[in-house]
Amino acid sequence: MSELRYDGKVAIITGAGQGLGRQHALELAARGAKIVVNDLGGDLHGDGSSTGPAQDVVNEIVKNGGEAVANGGNVATEEGAASIVQAAIDAFGRVDILINNAGILRDKSFKNMTVAEWDAVIAVHLRGAFLVTKAAWPHLVESGAGRVVNTSSPAGLFGNFGQANYSTAKMGLVGFTKTLAAEGAKKGVKANAIAPVAYTRMTADLFPPEFADKLGVDLVTPLVAYLAHESVPESGQTFTVGGGRIAKIFVGEGPGFTKKDGLSVEDIRDSWQEIAAQDPLVVHADINAQTMATFQALQ
Ligand code: NAD
């Protein structure tokens, strides 16, 4: 079995001072990539900052014989995002892989969620992924095999009590990933997303302790590494990954209901079973295929 290598590649990993991002950084470095380890070094809610966590991971990589530089930039600011990409260019001269992983939580029921709690979470997860990808994009295109891996969440795909801010950002990243894939296709850039389940400081209070050992971050990173590899076959997709299980998650469309001679509210009521039917399910390859489904129904 040939080993997947990343020699000559430069990878930026945001929020890589601990948890999932740290594991991604160690794995890619061990397989030959040069790494920018970004981490703001704040607490779980995004308060405070420290260059310690990013530097610790860099020290570990260097001790293992790899190459890495630390960056303490805040992904949620334009200056921070620019500094992250500049760190890659200054140290290694290129960017081939971007893993948008940085994240915080400000959980609160929707009724009690403040505007500040909403803004802070959207800023790090959604705006942060946008800003760093925006700064990295010309270099990813120049790479010829640019790879973006965005970190979504089951909470975004399925919703979660107390996470209106987080789930909105995480589902936003699914759309972001699909559009990056569409725009990157002709330029050799592929973008995919993961919806992980892993035991980290972010989930330490959520998972029962007996699952902690079975949900190691080392069971998420192999998928991220594959999605970052130049040989990855897919783009624009989202995969759930955790505990050794990996599955594609997709948006499906039911067979639907069509009435060509006008539509009333009562038509909707009386056809609800057909409208809500989930079988047979169609997964459209892109927006053109979805639009065609409407046009075909009119023929
Ligand atoms: P974590 O708290 O261990 O790691 C997140 C890292 O991001 C921290 O080191 C933090 O300092 C850094 N960070 C936060 N804000 C930043 C900013 N503005 N700029 C730069 N760095 C910043 O948590 P984790 O579980 O490893 O989470 C990694 C990603 O995976 C997050 O996006 C999270 O939402 C996502 N995720 C995790 C799980 C899970 O089960 N652990 C599930 C779904 C999604």
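Every chain is numbered independently, its residues counted from 1 as its sequence is written. Only residues with pLDDT of at least 70 get local features here, since the model is predicted, and only at 80 or more are side-chain atom pairs given and counted; chain-wide, interface and lining totals rely on the full set of residues. Computation of side-chain values: all heavy atoms of the structure, hydrogens and water removed.

- The name an unreviewed UniProt entry gives the chain is SDR family NAD(P)-dependent oxidoreductase, with Actinocorallia aurantiaca as the organism.

Let's talk about the pattern of salt bridges
Phase 1: A carboxyl oxygen of Asp or Glu within 4 Å of a side-chain nitrogen of Lys or Arg is what we treat as a salt bridge. This model, assessed by the stated rule, comprises 12 salt bridges.
Phase 2: One salt bridge in this structure joins Asp47 and Arg106, with 3.5 Å as the shortest N-O distance. With Asp47 in the loop between strand 2 (34–38) and helix 2 (52–63) and Arg106 in the loop between strand 4 (97–100) and helix 4 (115–143), the pair connects residues that are 59 residues apart, well separated along the chain.
Phase 3: Remark: exposure states derive from per-residue accessible area (1.4 Å probe, protein chains only) relative to the maximum for the residue type, with buried under 20%, exposed over 50%, and partly exposed in between. On the accessibility criterion, Asp47 (44% relative accessible area) is partly exposed.
Phase 4: Notably, a salt bridge pairs Lys259 with Asp267, separated by 3.2 Å at the nearest N-O pair.
Phase 5: Among the residues examined, Lys259 registers a relative accessible area of 32% and is labelled partly exposed.
Phase 6: According to the relative accessible area criterion, Asp267 is buried, its value standing at 17%.
Phase 7: Here the salt bridges share partners, and the residues they tie into one network are Glu3, Arg5 and Asp7. Helix and strand assignments follow DSSP, with helices taken as H or I runs no shorter than four residues and strands as E runs no shorter than two, numbered in order from the N terminus.

So, the site of the ligand
Phase 1: In these notes, residues near a molecule or strand are those with any non-hydrogen atom within 4 Å of it. The environment of the ligand is formed by 30 residues, the closest being Asp39, Asn74, Tyr166, Thr200 and Arg201.
Phase 2: Polar contact is the term for a pair of N or O atoms within 3.5 Å; when the atoms are in protein, one must be able to donate a hydrogen and the other to accept it, and sequence-neighboring residues count only if both atoms are side-chain atoms. Gln18 has a polar side-chain atom sitting 3.0 Å from an oxygen atom of the ligand.
Phase 3: Contacts to the ligand include Leu20, whose backbone N or O atom sits 2.9 Å from an oxygen atom.
Phase 4: Here the Shrake-Rupley method, with its probe set to 1.4 Å, supplies the accessible areas, and only the displayed protein chains count as covering residues. Computed on the free molecule, the ligand has an accessible area of 820 Å², of which 98% lies beneath the protein chains in the complex.
Phase 5: At the level of secondary structure, the elements contributing two or more residues to the shell around the ligand comprise helix 1 (19–30), helix 4 and helix 6 (164–184).

A look at the pairing of strand 7 (residues 238–242)
Phase 1: Among the 5 residues of strand 7, 5 are classified as buried, and the element is accordingly described as predominantly covered.
Phase 2: Residues Thr238, Thr240 and Gly242 of strand 7 are buried on one face, and the alternating residues Phe239 and Val241, pointing to the opposite face, are buried as well.
Phase 3: Pairing between two strands requires that DSSP report at least two bridges joining them. Pairing between strand 6 (residues 190–196) and strand 7: 4 bridges, direction parallel. By the bridge assignment, Ala193 is partnered in strand 7 with Thr238.
Phase 4: Note that strand 7 and strand 8 (residues 245–249) share 5 bridges and pair antiparallel. Pairing of Gly242 across the sheet is with Arg245, part of strand 8.

What about the side chain of His24?
Phase 1: Relative to the elements of secondary structure, His24 occurs in helix 1.
Phase 2: Owing to a relative accessible area of 1%, His24 belongs among the buried residues under this scheme.
Phase 3: Only 2.9 Å separates the side chain of His24 from the side chain of Thr221, close enough to count as a polar contact.
Phase 4: In what follows, residue pairs with any heavy atoms lying within 4.5 Å of each other are defined as contacts. Apart from residues no more than four positions distant in its own chain, His24 is found in contact with Ile13, Ile99, Asn101, Val220, Thr221 and Val224.

As for the nonpolar core
Here is a general trend for soluble globular proteins: nonpolar side chains tend to be buried in one another's company.
Phase 1: Membership of the largest hydrophobic core comes to 34 residues, with the highest contact counts inside it found for Ile12, Val36, Val132 and Leu140.
Phase 2: Secondary-structure elements contributing two or more residues to this core are strand 1 (10–13), helix 3 (78–92), helix 4 and helix 6.
Phase 3: Looking at this core element by element, the count peaks at 10 residues for helix 4.
Phase 4: Residue contacts for Leu140: discarding those within four places in its chain leaves Val95, Asp96, Ile97, Leu98, Gly146, Arg147, Val148 and Val189.
Phase 5: Only buried residues count toward a nonpolar core, which is a set of Ala, Val, Leu, Ile, Met, Phe, Trp, Tyr and Cys residues joined through side-chain atoms within 4.5 Å. Judged by nonpolar contacts, the second largest core, of 32 residues, contains Val37, Val58, Leu223 and Val232.

Side note on the sheet that holds strand 6
Phase 1: Taking strand neighbours across the sheet as the criterion, the 8 strands line up as 3-2-1-4-5-6-7-8 in an open arrangement whose pairing is mixed. Across the chains shown, the open sheet's two edge strands, defined by having one partner strand only, are strand 3 (67–71) and strand 8. In this sheet, adjacent strand axes meet at a mean angle of 20° when their direction is disregarded.
Phase 2: Two elements, strand 5 (residues 147–151) and strand 6, share 5 bridges in a ladder whose sense is parallel. Residue Asn150 lies in a different strand from strand 6, and its bridge partner there is Ala193.
Phase 3: A fitted line through C-alpha atoms represents every axis, and for helices the fit uses only the stretch in contact; the resulting angles, taken between N-to-C directions, go from 0 to 180 degrees. With respect to the sheet, helix 2 is in contact with strand 2 and strand 3, its orientation differing from that of strand 3 by roughly 175°.
Phase 4: The strands touched by helix 6 within the sheet are strand 5, strand 6 and strand 7, with strand 5 carrying the most contacts at an inclination of about 165°.

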